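What follows is the residue order along each chain.
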Amino acid sequence: MAAILPVNPKITALQQSFSTSVLTRIEHAKLHQAGVELWLKRDDLLHPVISGNKWRKLKYILNDVLTAGYDTVISMGGAYSNHLHALAYAGSELGIKTVGLVRGERPEPLNPTLDDVRKWGMALHFVSRGRYRELRQYRRHDALPRLQAGEYWLPEGGALNLALEGVAELVEEITIPYDMLCTACGTGTTLAGLVKASPKQSHVLGVAGLKNAEYLHAEVAAMVGGHLDNWTINFDYHGGGFAKINNDLWDFINSFKQETNIDLDGIYTGKLLFALFDLLGKGYFQRGQRIIALHTGGLQGNRSLAARLSG
Ligand SMILES: *Cc1c(COP(=O)(O)O)cnc(C)c1O
């Protein structure tokens, strides 16, 4: 259950420019044959820029920033980060300064993601991979060493407890019963939010996009609390690694688009739907089950993916 938190008028005003995230039923011969219903919760439709779970996670964090009177949010991400992209845009709309600590060397020219965030006023600092790993250990908003007054630290992927409150709201928007709720996982924060807000008789499935991501299990368990066990993470569909996209995945994304007219990204939602259809073929779901998969958005990342595929 989401706590009833007072919402700052600036957050309410920004959210007024959002569309509703509908549930779309996916029609597909393989689903019919298996007698399984698949629905997509369309958080990709929320907003043209801050799409998907990134807004869900940021909402109550930025609310906290405004309410407590901070003026700057410092966060971290990769060079194609959907999180930094959403944060920079939301910050510019809400009048909050943003700073991005970006993994690796500054690309010249900046890729489309970084070009956008700079345009929206995010200050960029490029950090070595080693330094980036160190930054991961700071898990509280005041944990980054040498923070100045007014500065708020937002850990990788927006993984603060307040993120779970926003994710819970998307679960509350789902008004039909379901057997399984599925999401792609990066830091696992979204998954944790889904688990906390879902009915106990439903199962929540995360599909990890990273290779060697088994540590996620403990991290999600820590966010969720030990009393809930109606969830699992599948580690079989990273497709070779985080930003790796193989031909099977690319073909799947293209045919899914042709069949449903819905775009998937190559890092998260493409792998999630690929996994669900593959699991369907393996008899993982039972006849009569209703599965809801969360479309977490992330389509801005495809701009660079297309370039990397051809280049
Ligand atoms: C960031 C992201 C995820 C992963 O979210 P976590 O909460 O970090 O697990 C999934 N899908 C998309 C499109 C994302 O951008």
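A quick note: this is a predicted structure, and the numbers were derived from the prediction, not measured. Residues take numbers from 1 onward in each chain, read along the sequence in its written order. Where totals are concerned, whole chains, interfaces and linings use all residues; where local detail is concerned, this predicted model gives features only for residues with pLDDT of at least 70, and gives and counts side-chain atom pairs only at 80 or more. As a rule here, side-chain values come from all non-hydrogen atoms in the structure, and water together with hydrogens is ignored.

Peer 1: Is there a simple way to think about helix α10 (residues 247–260) in this case?
Peer 2: Every α-helical turn comprises 3.6 residues, leaving residues that sit three or four positions apart pointing alike. In this text, helices come from DSSP runs of H or I with a minimum length of four residues, and strands from runs of E with a minimum of two, each type numbered from the N-terminal end. An expected span of 1.5 Å times one less than the residue number is assigned to each helix. The first and last C-alpha atoms of α10 sit 20 Å apart over 14 residues, in line with the 20 Å expected at 1.5 Å per residue. Relative accessibility thresholds used throughout: buried, under 20% of the residue-type maximum; exposed, over 50%; partly exposed, between the two (1.4 Å probe, protein chains only). Regarding α10, the residues found buried are L249, F252, I253, F256 and T260. Each buried residue of α10 sits inside an arc of 100 degrees when the element is viewed along its axis, so together they form one side. With respect to the buried face of α10, the exposed residues turned more than 90 degrees away are N247 and Q258. Throughout, a contact is declared for two residues whenever any of their heavy atoms are within 4.5 Å. Tucked inside the fold, the buried residues of α10 contact β1 (23–26), β2 (37–42) and α11 (269–281). Relevant arc is that of directions from the helix axis to the C-beta atoms, nothing else.

Peer 1: Explain the side chain of Q300 to me, please; I cannot follow it from the model alone.
Peer 2: When you line up the elements, Q300 lands in the loop between β10 (290–295) and α12 (302–310). On the accessibility criterion, Q300 (14% relative accessible area) is buried. Polar contacts, as used here, are pairs of N or O atoms within 3.5 Å; protein pairs need one atom able to donate a hydrogen and one able to accept it. Residues neighboring in sequence count only if both atoms are side-chain atoms. Within the local environment of Q300, its side chain forms a polar contact with the side chain of R303, the two groups lying 2.9 Å apart. Setting aside anything within four residues of it in sequence, one finds Q300 in contact with Y80, S81, N82, H85 and T113.

Peer 1: Could you clarify how one ought to interpret the nonpolar core in this entry?
Peer 2: Side chains of a nonpolar character, in soluble globular proteins, are inclined to be buried together. Working definition of a nonpolar core: buried Ala, Val, Leu, Ile, Met, Phe, Trp, Tyr and Cys residues. They are joined through side-chain atoms within 4.5 Å. Within the largest apolar cluster, 32 residues are counted, with the highest numbers of intra-cluster contacts made by I50, L62 and V73. Mapped by element, the contributors of at least two residues to this core are α1 (9–15), α3 (53–67), α4 (82–94), α5 (112–119) and β6 (151–154). With 7 residues, α4 is the largest single contributor of residues to this core. Look past the residues within four positions of L62 in its chain and what remains in contact with it is I11, V73, L87, A90, L94 and I96.

Worth remembering: the numbers are spatial, not functional.
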